Amino acid sequence: MAERAWIRGAQRGSVADLERLFREHWPRAFRAARLVTGDAAAAEDIAQEAFLAAIRNLDRFDRRRPFGPWLHRIVVNRAIDWTRARKLRAEVELVDAAATPPPDEPDGTFARIGALSPEHRAVIVLRYVLEYTPGEIASLLDLPRGTVNSRLRRGLDQLKDLQ
Amino acid sequence: MNPEDRAWEVVRRAYEERVPAPRPTSNRLVLAIAVLALGAVALAAFSPPGHAVFERVRRAVGVEHAAPALAALPAPGRLLVQSYTGTWVVDTDGAKRNLGAWQYAAWSPHGRFVVVAKANELAALDPKGAVRWTLARHDVAWPAWEGTNVDTRIAYFAATGLRVVAGDGTGDKLLDAYAQDEPAAWDPARLHTLAYETGGAVVLRQVDSGRELWRTNVPVYGRLVWSSDGRLLALVAPTRIVVLDANGKRLRWVSTLTGQLLAAAFKPGTHELAVQARFERVASRRSEVKLVDVDHPGHARLLFAGPGAFGDIAWSPNGRWLLVDWPTANQWVFLHGSRVHAVGNVETQFGQMLQLTNSWCCR
């Protein structure tokens, strides 16, 4: 409920309210982007870009709607685009041998989800990390609900095979 | 610095840059607002006073020789100021009182009381700040008070939706669980009759009987503003203003080609609508206030323009003066024809401004 007040405040120029909104939503936005892209640096850029897009559209935002789905839609779609583009470029990561790789989640989630296609990763992350219903995912990604269900089923099957 | 703090720094900077680096701006920019109607309203040239004012302020942020503090209001009435630090009442002679750390405030019909709200509380105060009654509700917002001397109603939003309570704090009830979270607006011509937005439409409802008088689908949501005679209702959204008549029929619309419409207020006793528009450029922001004559499509004139962001606008009760909040300049600008009176250091006096809508009340 405080979120509506933060959005109102941010629309009216309050940096403090914007920060509350940002701090509330950053962890999940970043984690979702990281799980879809499998790349911490890209996830940071994508989540940051999503917040910047949100700021650009803040005056037009309908306060009755929850902020999270609006933000996650941007994050997940950009993360899918980034992952597809990277695949097309057949990009090879330059690894700084001295740098410590970002830690995986305790159960190795990043590694396992990374084996899925970007489209399957997205629905799995939205369903099981961000906890949206299949109907909500269909709406967020502009997909038929049946497509969401089949991607969820196939994604889960592949994850089981990887265990 | 961790990713979250790094990103916050970038986001904060981008947000703060929404408030503009002022720079001299070409006269052509003031022509950028386009005022259209269902085919008929066109942009009108700005008036000579508008020109003069524009020339004066275009090179600098703020009106020169602004008074360092608010000494008096230029017209009779009292001002209800809502800032981040709380709610203030300013008398005609400039005396001001802080009513407390409330987040929303509105006058009672004749300015005898003030309804205020914060997160979990709605309260009625007298103008000196004494509490008359309170009501505990979750997530209270946008109270609005109407009625006669003896029979009043207050509309407000809570977590459950749009609610209405009698002016003595009794009879609280839910009016619409699905109402859009925008301030509802009481019809000044029909007692206890409220306009609000719900389900993609503007609805006019008699709140005691619950009877819906009309419903008009609208393409956007925004703030609702009545003319003082109750014959016009403007829906003010960033992309356009839709003007309805008293029966909900769409009469006109006002839009800008390149800017956002962020506030509007009918001049008391007229069908002239003061409109505040903001124009974003890559490196700057600019704002204007124009007066649109809704009855005469094509008639609009520039009242004031300046770099940066304008906030709310409010007419004096006698309709002679228009108050424009100018946060970029930290000024309030009072306009009356070609007369301009500015007061500086607004934030020092009241804190960062939140709301002035319908704030100047009662001769």
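Computed from a predicted model, the values in this text were never measured in an experiment.

### What to know about the overall build of chain A
Phase 1: If you tally the helices and strands in chain A, you get 8 helices and 0 strands.
Phase 2: Starting at the N terminus, the α and β elements of chain A follow one another as α-α-α-α-α-α-α-α.
Phase 3: Looking at chain A residue by residue over its 163 residues, the buried ones come to 34%.
Phase 4: The long-range share in chain A, meaning contacts at least 24 apart out of those at least 6 apart in sequence, stands at 66%.

### Considerations on the pairing of strand E22 (residues 285-293) of chain B
Residues and elements named next belong to chain B.
Phase 1: Taking burial as the measure, the 9 residues of E22 include 8 buried ones, the bulk of the element.
Phase 2: By the bridge criterion, 7 bridges tie E22 to strand E23 (residues 300-307) in an arrangement that is antiparallel. When the bridges of E23 are listed, Val-292 appears paired with Ala-300.
Phase 3: The antiparallel hairpin formed by E22 and E23 contains 6 residues in its connecting segment, where Gly-298 sits at a positive phi of about 100 degrees.

### Some words on the sheet that holds strand E17 (residues 232-236) of chain B
All names here are of chain B.
Phase 1: Pairing is antiparallel across the open sheet formed by 4 strands, whose spatial order is E16-E17-E18-E19. The open sheet is flanked by strand E16 (223-226) and strand E19 (250-255), the only strands paired with a single partner. Averaged over all adjacent pairs, the angle separating strand axes in this sheet is 20 degrees, with direction ignored.
Phase 2: Bridge count for E16 against E17 is 4 bridges, and the pairing is antiparallel. If you follow Leu-224 over to E17, its bridge partner there is Leu-235.

### Focus on the interface of chain A and chain B
Phase 1: The interface is formed by 23 residues belonging to chain A together with 23 residues belonging to chain B.
Phase 2: Elements with a minimum of two residues in the side of chain A that touches chain B: helix H1 (2-11), helix H2 (15-37) and helix H3 (40-56) of chain A.
Phase 3: For the side of chain A that touches chain B, a count of residues per class yields 11 nonpolar, 3 polar and 9 charged.

### A few points about H2(A)
Phase 1: Maximal helix bending in H2(A) amounts to about 40 degrees, located at Trp26(A); proline Pro27(A) follows within four positions.
Phase 2: Backbone geometry just downstream of H2(A) places Gly38(A) in the positive-phi region, at approximately 70 degrees.

### Quick word on the nonpolar core
Phase 1: Counting residues in each nonpolar core, the largest one holds 110 residues, and the members touching the most others are Ile241(B) and Ala264(B).
Phase 2: No other element matches strand E20 (residues 259-266) of chain B, which puts 6 residues into this core.
Phase 3: Contact partners of Ala264(B), with chain neighbours within four places excluded, come to Val225(B), Ala234(B), Val236(B), Ile241(B), Leu273(B), Ala274(B), Val275(B) and Gln276(B).
Phase 4: Counting 42 residues, the second largest nonpolar core, distinct from the first, contains Ile7(A), Leu18(A), Leu71(A) and Val11(B).

### Comments concerning the packing of H2(A) against helix H1 (residues 3-16) of chain B
Phase 1: Taken N-terminus to C-terminus, the directions of H2(A) and H1(B) make an angle of 140 degrees; their axes are 10 Å apart at the nearest point. Taken together, H2(A) and H1(B) sit at an angle that is classed as oblique. The element H2(A) and its partner H1(B) pack so that their crossing is right-handed. Within the contact between the two elements, H2(A) uses Val15(A), Leu18(A), Glu19(A), Phe22(A), Trp26(A) and Phe30(A) and H1(B) uses Pro3(B), Glu4(B), Ala7(B), Trp8(B), Val11(B), Arg12(B), Tyr15(B) and Glu16(B).
Phase 2: Here the residues of the contact of H2(A) with H1(B) are counted per class, giving 10 nonpolar, no polar and 4 charged.

### A word on the packing of helix H6 (residues 118-129) of chain A against helix H7 (residues 134-141) of chain A
Residue and element names in this part refer to chain A.
Phase 1: Between H6 and H7, the least distance of the axes is 10 Å, while the angle of their chain directions is 130 degrees. On the basis of their axis angle, the class for H6 and H7 is oblique. As H6 packs across H7, the resulting crossing turns out to be right-handed. Between H6 and H7, the contacting residues are Ala-122, Val-123, Leu-126 and Arg-127 on the first element and Pro-134, Ile-137, Leu-140 and Leu-141 on the second.
Phase 2: Residue classes in the contact of H6 with H7 are distributed as 7 nonpolar, no polar and 1 charged.

Cut-offs and rules
Residues numbered from 1 in each chain as written. Chains lettered and ligands numbered in written order. Predicted model: local features only at pLDDT ≥ 70, side-chain atom pairs only at ≥ 80, totals over all residues. Helix = DSSP H or I, 4+ residues; strand = E, 2+ residues; numbered from the N terminus. Buried ≥ 20, exposed ≤ 12 C-beta atoms within 10 Å, placed from the backbone. Contact = placed C-beta atoms within 7 Å. Pairing = 2+ DSSP bridges. Axes fitted to C-alpha atoms, helices over the stretch in contact; angles between N-to-C directions. Nonpolar A, V, L, I, M, F, W, Y, C, P; charged D, E, K, R; others polar. Bend = angle between axes of the 7 residues up to and from the residue. Core = buried A, V, L, I, M, F, W, Y, C linked by C-beta atoms within 7 Å. Parallel < 35°, antiparallel > 145°, perpendicular 65-115°, else oblique. Left-handed = near helix turned anticlockwise from the far one by under 90°.

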